[in-house]
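If you want the building blocks of each chain, they are given just below.
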Amino acid sequence: MSSASIIVVIVNILLAVILAVGTTPIMVWWERRVAGFIQDRTGPNRCDIGGFRLGGLIQSFADMLKLVFKEDFLPSYIKYKFFYTISPAIVFFCSFLTFAVIPFADTLVIDGFSYTMQAIPTQLGIMWFLAYAGLATYGIILGGYSSESKFGLLSSIRATAQVVSYEAAMGLSVISMLVTYGTIHLSDMVAFQGQVLFGFLPAWGIIMQPLAAIIFIVTAFAEANRAPFDLAEGESEIVAGYHTEYSAMRFGLFQVGEYAAMSASSAIIVTLFFGGYQIPWLDTAAIQSNIYVVFGAIAISLLMMTFVLTKWMKKHYTWANPDDSRAREGKILIKAFWIMTLVVCGVLVLFITTGLGTNGVNIATAVIQVGTFLLKFFMMSLVFIWVRWTLLRFRYDQLQMLGWKILLPLAILNIFVTATFVVVLGG
Amino acid sequence: MGVKVVPRHGASLKDKLYLPGIAAGMKTTFKHFVKNLKDPSNLRTSQYPEVQPDDITDRYRGVHRLTKREDDSVKCVACYMCATACPAECIAIEAEERTDGQDEKMPKKFTIDLLECVYCGYCVEACPCDAIRMDTGIFSFIGKTREEFVVDKEYLLNNERSKDFSDD
């Protein structure tokens, strides 16, 4: 193996790890601040390290530290200690593994060798996602069952009923996507979505298959155990459901697993329906041939974004007491943002003036595509959070009605229509 | 008889589709989000230690105070009425003979354990001399030890009616 291939593999694995696990503090921060803003309050904004509160992000780290240092309590009445211990790990591990097949960028060509931009370059594609996403629920079911508590058991029953209600519809909605794309490889699906329909529409999954997209997004919410389908947690009626008896980092693993599942679901939704790493009307070849124009556009948009952000910060990122160490943070952060932006713009200008080799252009394209994927991924995560703070939780029977009586027939109908289309058009 | 007919929702096709309802709800929450992101100064949260509440009413029962006569001597005559009325038994009084000619008795010690106190105001009601009041408007009393919460006569005499309250 050449050093380039080792670096590419490490970068891919790091991306998957960071997106699945490392984004948890950021997601927790977003969740709290977005919830606050939606409900006309501020959310956590006071916790700081040396005056730096980063808009409240430090609170997530403080909470994480608290969970790490809490007593790891094991109730004495737990009979199945093994299941009790591994169930948070199952949730966490399965949600984390789903990330392994997400393509972060188009196939990267360095010195004639091409590398797949996935953490695990497996041929299983969407099957891998379905397998591990389904397995993650077993962690919840086992955890609730083995915690020897009525609330845990009720939650397990709910999780079981939930998983049998939505998994079928989810699988069937994926099948209609498979028929459309004609492949199970996620990278081929994303490559397909780089095309343009009728000369002006990007061939994204949501435009070609709106019904499958709706069904998949709804089931993905249930999959990730997020509101409005978080009835396994159901804090208003069954305390905390499956993690009632868990404390310290065991609970923390459940929490990280939940956010990892949310991240994985948003990544797979972006990959299947929102074009993955594709920029609309700008496929890989187009980026590579117009790389310097793209650099210029990125530099200008970066400057504009930093200008708007710093202007907002000057006005609103303040602290009531000017003697507090937190009052200085805004100015330092504004300077830091400008320095970062100017460094990136300087590098881009340097690239434009000196020019890049073939490898350089390919790597730059991959970086731009990873950036596009990240942008879409974070937008989708924001939608997950947004939905959680808008919709009410479904009742136990309502979810099953929705799964069996509405989503499943619609998914089957969608497969028929799609298959007919493909056959008639001579696919 | 006026009968109010409550409309039943959920029968129309639009309600059954559920998605228009979701979209409407998400639009509402998004409006709030964008409005508050653009200008966080509109948020209802007050940044507490820096911004103090300004809506404490005149009838708010805060930390107690002992009132004074016109010559600045203590009004209390150590009759033990407040200590008797106190359901939490947080008031401890030690009486002594009064030598300034104002009255017969006065408190030598007058301590209130603010950790025991339930801020019910019975002591204020019980006092025949209007000597104890709870109109300081102090709603947060901070200490690091239990002993600091046992306040003495000097502290109570130095407390004054809150400046935010109207004159009585």
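Going by the structure above, here's the rest.
Residues numbered from 1 in each chain as written. Chains lettered and ligands numbered in written order. Predicted model: local features only at pLDDT ≥ 70, side-chain atom pairs only at ≥ 80, totals over all residues.

Caption draft 1: Representation of the overall build of chain B in the model. When you go through chain B residue by residue, the secondary structure sums to five helices and five strands. The linear arrangement of helices and strands in chain B, starting from the amino end, is α-α-β-α-β-β-α-β-β-α. The C-alpha atoms of chain B give a radius of gyration of 27 Å, which is well past the 15 Å a tight globule of 168 residues would have. C-alpha extents for chain B along the principal axes are approximately 90 × 50 × 35 Å. Buried residues in chain B amount to 17% of all 168 residues. Across chain B, contacts joining residues at least 24 apart in sequence account for 70% of those joining residues at least 6 apart. (Helix = DSSP H or I, 4+ residues; strand = E, 2+ residues; numbered from the N terminus. Rg over C-alpha atoms; globule rule 2.2 N^0.38 Å. Buried ≥ 20, exposed ≤ 12 C-beta atoms within 10 Å, placed from the backbone. Contact = placed C-beta atoms within 7 Å.)

Caption draft 2: Structural detail: the overall build of chain A. Counting secondary structure elements, chain A contains 15 helices and four strands. Whereas a compact globule of 427 residues would reach a radius of gyration of roughly 22 Å, chain A reaches 23 Å, a difference of no more than 12%. Structurally, chain A occupies a C-alpha span of about 75 × 70 × 45 Å along its principal axes. By residue count, 43% of the 427 residues in chain A fall in the buried class. Taking as baseline every contact in chain A between residues at least 6 positions apart, the subset at least 24 positions apart corresponds to 80%.

Caption draft 3: Seen up close, the sheet that holds strand S3 (residues 105-113) of chain B. The three strands are arranged S2-S3-S5 (chain B) in an open sheet whose pairing can be described as antiparallel. Where the open sheet ends on each side, the last strands, each with one partner, are strand S2 (91-97) and strand S5 (150-151) of chain B. (Pairing = 2+ DSSP bridges.)

Caption draft 4: Up close: helix H2 (residues 24-38) of chain A. Taking 1.5 Å per residue as the helical rise, H2 of chain A with its 15 residues ought to reach 21 Å, and the 21 Å between its terminal C-alpha atoms agrees with that figure. Of all 15 residues in H2 of chain A, twelve are buried; the element is thus mostly enclosed. Of the residues making up H2 of chain A, those classed as buried are Thr24, Met27, Val28, Trp29, Trp30, Glu31, Arg32, Arg33, Val34, Gly36, Phe37 and Ile38 of chain A. Packing partners of the buried residues in H2 of chain A comprise helix H1 (3-22), helix H3 (57-69), helix H10 (248-273) and helix H14 (358-388) of chain A together with helix H2 (19-38) of chain B. Where H2 of chain A ends, the next residue or the one after it, Asp40 of chain A, has phi of about 60 degrees, a positive value. (Expected span 1.5 Å × (residues − 1).)

Caption draft 5: Quick look at the environment of Cys127 of chain B. Residues and elements named next belong to chain B. Relative to the helices and strands, Cys127 resides in the loop between helix H4 (122-126) and strand S4 (132-133). Residues Cys127 and Ala78, spaced 49 residues apart in sequence, show a C-alpha to C-alpha distance of 10.0 Å. Dropping the residues within four chain positions of it, Cys127 is found in contact with Met81, Cys82 and Ile132.

Caption draft 6: Representation of helix H13 (residues 329-354) of chain A within the structure. The end-to-end C-alpha distance of H13 of chain A is 37 Å, a good match for the 38 Å that 26 residues give at a rise of 1.5 Å each. One or two steps after H13 of chain A, the chain reaches Gly355 of chain A, where phi turns positive at roughly 85 degrees.

Caption draft 7: View of the pairing of strand S2 (residues 113-117) of chain A. Residues and elements named next belong to chain A. Relative to S2, strand S1 (residues 105-110) runs antiparallel, the two sharing four bridges. Bridge pairing in S2 links Leu108 to Tyr115. Between S1 and the antiparallel strand that follows it, S2, lie two residues; Asp111 among them carries a positive phi value of about 50 degrees.

Caption draft 8: Layout of the packing of H2 of chain A against H10 of chain A. Residue and element names in this part refer to chain A. Where H2 contacts H10, the two axes come as close as 10 Å, and the packing angle between them is 85 degrees. Relative to H10, the element H2 lies roughly perpendicular. Of the residues in H10, those touching H2 at Thr24, Met27 and Val28 are Val256, Tyr259, Ala260 and Met262. Grouping the amino acids of the contact of H2 with H10 by side-chain chemistry returns six nonpolar, one polar and no charged. (Axes fitted to C-alpha atoms, helices over the stretch in contact; angles between N-to-C directions. Parallel < 35°, antiparallel > 145°, perpendicular 65-115°, else oblique. Nonpolar A, V, L, I, M, F, W, Y, C, P; charged D, E, K, R; others polar.)

Caption draft 9: Local environment of the nonpolar core. One finds Phe99, Ala169, Phe216, Ala260, Ala267, Ile269 and Leu407 of chain A to be the most contacted residues of the largest nonpolar core, which totals 95 residues. The dominant element in this core, judged by the number of residues it contributes, is H10 of chain A, at 14 residues. Ignoring any residue separated from it by four or fewer positions in sequence, one finds Phe99 of chain A in contact with Ala16, Leu19, Ala20, Ala119, Ala264 and Ala267 of chain A. Grouped together as the second largest cluster of nonpolar side chains are 17 residues, Val74, Ala78, Met106 and Ile132 of chain B included. (Core = buried A, V, L, I, M, F, W, Y, C linked by C-beta atoms within 7 Å.)

Caption draft 10: Looking closely at the packing of helix H5 (residues 126-146) of chain A against helix H6 (residues 150-181) of chain A. Residues and elements named next belong to chain A. It is the contact of H5 with H6, at a shortest axis distance of 8 Å, that shows an interaxial angle of 170 degrees. Relative to H6, H5 is oriented roughly antiparallel. Counting all contacts with H5, which are made through Ile126, Leu130, Gly134, Thr137, Ile140, Ile141, Gly144 and Tyr145, the residues of H6 involved are Gly152, Leu153, Ser155, Ser156, Ala159, Thr160, Val163, Glu167, Gly171 and Val174. Within the contact of H5 with H6, the residues separate by chemical class into nine nonpolar, eight polar and one charged.

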